[in-house]
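Here is what each chain is made of, one letter per residue.
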Amino acid sequence: MCLKEQDIPKRDKATIDASTSRINSLLFKVRSLRMSGSCALDLCGIACGRLDLFYLQGFGGPWDVAGGAVIVKEAGGLVFDPSGKDFDITSQRVAASNPLLKDAFIEALRQSE
């Protein structure tokens, strides 16, 4: 596989600081945070009910989410943009949850920006 420079998640100080700040603000609203390192596995965690919420920005490409997104939808879950808009497989932004948590999740993400 060949990755182009624009496909590699940013690791500059500003991006890391923004991500860390968001995580810190979400810590008070959730029971725990987990980072497996695999977008597809985390989406499958949503589908089987092991995880309640998932979001990621800056993943490698559509191949990281395509299969997991289908599995979540088939299981009755929702896949969407973290802003609440419709999921765009090319945007490198994905969120997933069960239907009951979506609105509260989006609001928590907005407050953490």
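Rules used throughout
- Residues numbered from 1 in each chain as written.
- Predicted model: local features only at pLDDT ≥ 70, side-chain atom pairs only at ≥ 80, totals over all residues.
- Heavy atoms only, no water.
- UniProt positions renumbered as here; feature names shortened; annotations may be inferred.
- Helix = DSSP H or I, 4+ residues; strand = E, 2+ residues; numbered from the N terminus.
- Buried < 20%, exposed > 50% of the residue type's maximum accessible area, 1.4 Å probe, protein only.
- Polar contact = N/O pair within 3.5 Å; in protein donor to acceptor, adjacent residues only side chain to side chain.
- Contact = heavy atoms within 4.5 Å.
- Arc of directions from axis to C-beta.
- Phe/Tyr/Trp six-rings, centres within 6.5 Å; stacked < 30°, edge-to-face > 60°.
- Patch = residues over 30% accessible without salt bridge, like charges linked within 9 Å, V, L, I, M, F, W, Y side chains within 5 Å.
- Areas by Shrake-Rupley, 256 points an atom, 1.4 Å probe, with all protein chains shown as cover.
- Salt bridge = Lys/Arg side-chain N within 4 Å of Asp/Glu carboxyl O.

Looking at an unreviewed UniProt entry, the protein chain carries the name inositol-phosphate phosphatase, with the source organism given as Ilex paraguariensis. According to the UniProt record, the Sequence similarities (unreviewed entry) comment for the protein chain reads "Belongs to the inositol monophosphatase superfamily." The Cofactor (unreviewed entry) comment attached to the protein chain in UniProt states, word for word, "Mg(2+)".

## Things to note about the side chain of aspartate 81
Within the element layout of this structure, aspartate 81 appears in the loop between strand 2 (78-80) and strand 3 (93-97). Looking at aspartate 81, the relative accessible area reads 8%, which means it is buried. Looking at aspartate 81, its side chain comes within polar contact range of the side chain of serine 83, at 2.7 Å. When near neighbours in sequence (up to four residues on either side) are disregarded, aspartate 81 contacts Asp86, Phe87, Ser91, Arg93 and Ala95.

## Description of helix 3 (residues 66-74)
Residues of helix 3 that are buried include every one of Gly68, Ala69 and Val72, and no others. The buried residues of helix 3 all sit within an arc of 100° when viewed along its axis, so they share a single face. Buried-residue contacts for helix 3 involve helix 2 (39-48), strand 2 and strand 3. Immediately downstream of helix 3, the backbone of glycine 76 shows phi near 100°, a positive value.

## Here we look at the packing of aromatic side chains
In total, this model carries 2 aromatic pairs according to the counting rule given. The interplanar angle of 70° and the centroid separation of 6.4 Å between the aromatic rings of tyrosine 55 and phenylalanine 105 together place this pair among those described as edge-to-face. On the criterion of sequence distance, the pair formed by tyrosine 55 in strand 1 (residues 53-57) and phenylalanine 105 in helix 4 (residues 102-111) is long-range, its members being 50 residues apart. Residue tyrosine 55 is classed as partly exposed on the basis of its relative accessible area of 23%. With a relative accessible area of 7%, phenylalanine 105 lands in the buried category.

## Section: a nonpolar patch on the surface
On the surface, a nonpolar cluster with roughly 350 Å² of combined accessible area is contributed by Leu27, Phe28 and Leu33. Tracing the sequence through the fold places leucine 27 in the loop between helix 1 (13-26) and helix 2. Taking relative accessible area as the criterion, leucine 27 reaches 43% and is therefore assigned partly exposed.

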